[in-house]
Amino acid sequence: HPEIDEWMGRQFFPGFRAKTAEFCFENWSPKKGDVLVASFMKTGTHWVREIVRQLFYQHDKELVDVTKKIGFFFAYLESGLPCKFDVVDDLPFPRRIFGSHMPAELINVEKYVANGVKIIYVYRNPKDQLVSFFHFMQSMQFQDTQKWQQIFPSNWNKFYDSFTNGEQPIGLEKGQTYVDHILSWYKHYNNDSVLFVKYEDLKKDPHSMISRIANFAEVDVTKDDVTAIVENTSFKKMKENADKEETAAQSGEKMLTIFRNGKTGGWKDYFTVAQSEKMDRMFQKLDGTDIFFNYE
Ligand code: A3P
């Protein structure tokens, strides 16, 4: 069973490692042209990473296939072992795409910006995020054990309470929740090297959002390129591809459920009125910022 690591007073989600996060902060340097997709879990990370990957390698089929093979341990800054950075730095890609679920304080943002790295912060309405996270946890293999049931209960009401009370190990300080993750990144909102992308905006108008991402990442694209990427990164297409990969792997193990339904507004089937109101109150911390949510 995965252990929970701790660093800087924060407990990490299973699979993420404190010593890797620390090594990354202190000893590793990203390169000019790299893109970091930073986000809280279940807010559209895979989607945006795939969009960036296609923007970089849409016209280079060979590289498209290789970049797809960089797995979770290489791609997420805080996963795997610190020695993975040697491998990562030897990868033959002109531009690399990393992910991270850490709050901004745990990432040496100044170093990234100074090195010419572009950071995309993806965010999503917290009610759909929580329902997505709840389902995701049910697909984790260790979820049946008593220990994990206490932290990530299979009962929705209990899960809601442990999450909103800030008791789960998700890289935040005890008592903190998703809103604090957003606020940590919001400190960099006006930085030209940081782009905020809202899940619901991407769903509503993928063409203009993808064009914006291309522009931000300094990739020249035609209208047709963008249209092709919109199609190739639709929920349906990405789910189909993931299902194909799962069948091809033939490991017999079910992969984690990343592509569940990709909709907005599904939270209404789960939240009670009281739960919805409590979350609204929690997110009042964002009053006065440019961050607001579409819940429909
Ligand atoms: P749901 O569980 O609500 O379906 P992450 O990549 O950060 O783990 O986020 C996963 C969530 O993003 C899941 O939400 C998943 O379905 C959704 N998602 C992934 N790819 C998507 C796409 N191409 N379009 C819309 N939503 C997508």
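Residues numbered from 1 in each chain as written. Predicted model: local features only at pLDDT ≥ 70, side-chain atom pairs only at ≥ 80, totals over all residues. Heavy atoms only, no water.

Counted only if it meets this: UniProt positions are given in the numbering used here, feature names are shortened, and annotations may be inferred rather than shown by experiment.
As annotated in an unreviewed UniProt entry, the chain carries the name Sulfotransferase and is attributed to Ciona savignyi. Recorded in UniProt for the chain, the comment headed Sequence similarities (unreviewed entry) runs: "Belongs to the sulfotransferase 1 family."

Here we look at the site of the ligand
Heads up, the condition is: Any residue with a non-hydrogen atom lying within 4 Å of a molecule or strand is treated as near it. Think of a polar contact as two N or O atoms within 3.5 Å of one another; within protein, one of them needs to be a possible hydrogen donor and the other a possible acceptor, and neighboring residues in sequence only count if both atoms come from side chains. Every accessible area reported is derived by Shrake-Rupley at a probe size of 1.4 Å, with residue values counting cover from the shown protein chains alone. Under the scheme used here, helices are H or I runs from DSSP no shorter than 4 residues and strands are E runs no shorter than 2 residues, and both carry numbers assigned from the N terminus. Lys, Arg, Asp and Glu make up the charged group, whereas Ala, Val, Leu, Ile, Met, Phe, Trp, Tyr, Cys and Pro make up the nonpolar group; the residues left over, Gly among them, are polar.
In the neighbourhood of the ligand, 18 residues make up the surrounding shell, with Thr45, His46, Ser132, Tyr199 and Gly262 lying closest. Note that a nitrogen atom of the ligand is positioned 2.7 Å from one of the side-chain N or O atoms of Tyr199. Ile258 places a polar main-chain atom, nitrogen or oxygen, 3.3 Å from an oxygen atom of the ligand. Within the complex, 98% of the 570 Å² of free accessible area of the ligand lies under protein. For the shell around the ligand, the elements supplying multiple residues, two or more each, are α2 (45-57) and α14 (235-249). No other element matches the three residues that α2 contributes to the shell around the ligand. Tallied by class, the residues present in the shell around the ligand amount to six nonpolar, nine polar and three charged.

Regarding the side chain of Gln275
What counts is decided by this rule: Note on contacts: a residue pair qualifies if any of its non-hydrogen atoms lie within 4.5 Å across the two residues.
By secondary structure assignment, the location of Gln275 is in helix α15 (residues 273-282). With near-sequence residues (within four places) excluded, Gln275 lies in contact with Trp156, Asn157, Tyr160 and Tyr270.

Description of the sheet that holds strand β3 (residues 35-39)
Rules: For two strands to count as paired, DSSP must find a minimum of two bridges between them. In this description, a line fitted to the C-alpha atoms serves as the axis of each element, helices being fitted only across the stretch in contact, and the angle between N-to-C directions of two axes falls anywhere from 0 to 180 degrees.
An order of β4-β3-β5-β6 is seen for the four strands of this open sheet, with the pairing classed as parallel. Every interior strand has two partners, whereas the edge strands, β4 (97-100) and β6 (194-198), have only one. Taken over all neighbouring pairs, the strand axes of this sheet differ in orientation by 25 degrees on average, direction set aside. Pairing between β3 and strand β5 (residues 118-123): five bridges, direction parallel. Looking at β5, one finds that Val37 is bridged to Ile120. Sitting on the sheet, helix α10 (residues 178-186) touches β3, β5 and β6, and the angle it makes with β5 is about 150 degrees. Of the strands in this sheet, β5 and β6 touch helix α12 (residues 206-216), which is tilted by about 165 degrees from β6.

Details of the layout of surface pockets
To keep it simple, the criterion reads: Two kinds of site are reported from a 1 Å grid over the protein atoms alone, namely cavities, where a 1.4 Å probe fits but cannot get out, and pockets, open sets with protein on both sides within 12 Å along at least five of seven lines, and residues are called lining when an atom falls within 4 Å of a point. Grid points are joined across faces, edges and corners, and a volume is the space filled by probe spheres set on the points.
Of the voids in this model, the second largest pocket is the one considered here, and its volume is about 190 Å³. Taken together, the elements giving at least two residues each to the lining of the second largest pocket come down to α2 and α3 (61-68). With four residues, the single largest contributor to the lining of the second largest pocket is α3. Per-class residue counts for the lining of the second largest pocket are one nonpolar, three polar and five charged.

Thoughts on helix α9 (residues 156-164)
Cut-off, in case you're wondering: We call a residue buried when its accessible area falls under 20% of the maximum for its residue type, exposed when it is over 50%, and partly exposed in between, using a 1.4 Å probe and counting protein chains only.
Taken together, the buried positions of α9 are occupied by Trp156, Phe159, Tyr160, Ser162, Phe163 and Thr164. The distance from a side-chain oxygen at the start of α9 to the backbone nitrogen of Asn157 is 2.9 Å, and the residue carrying that oxygen is Asn155. Looking one or two residues past α9, Gly166 carries a phi angle of roughly 70 degrees, positive in sign.

Some thoughts on the packing of α2 against α3
The test is simple: Should an angle lie under 35 degrees it is considered roughly parallel, over 145 roughly antiparallel, and from 65 to 115 roughly perpendicular; all remaining angles are considered oblique. Note: crossing handedness is left-handed where the near helix turns anticlockwise from the far helix by less than a right angle, and right-handed where it turns clockwise.
Running from amino to carboxyl end, α2 crosses α3 at an angle of 150 degrees, the nearest separation of the two axes being 9 Å. Considering the angle they form, α2 stands roughly antiparallel to α3. The element α2 and its partner α3 pack so that their crossing is right-handed. Counted together, Glu50, Arg53 and Tyr57 of α2 and Lys61, Leu63, Val64, Thr67 and Lys68 of α3 form the full contact between these two elements. Considering only residue class, the contact of α2 with α3 consists of three nonpolar, one polar and four charged.

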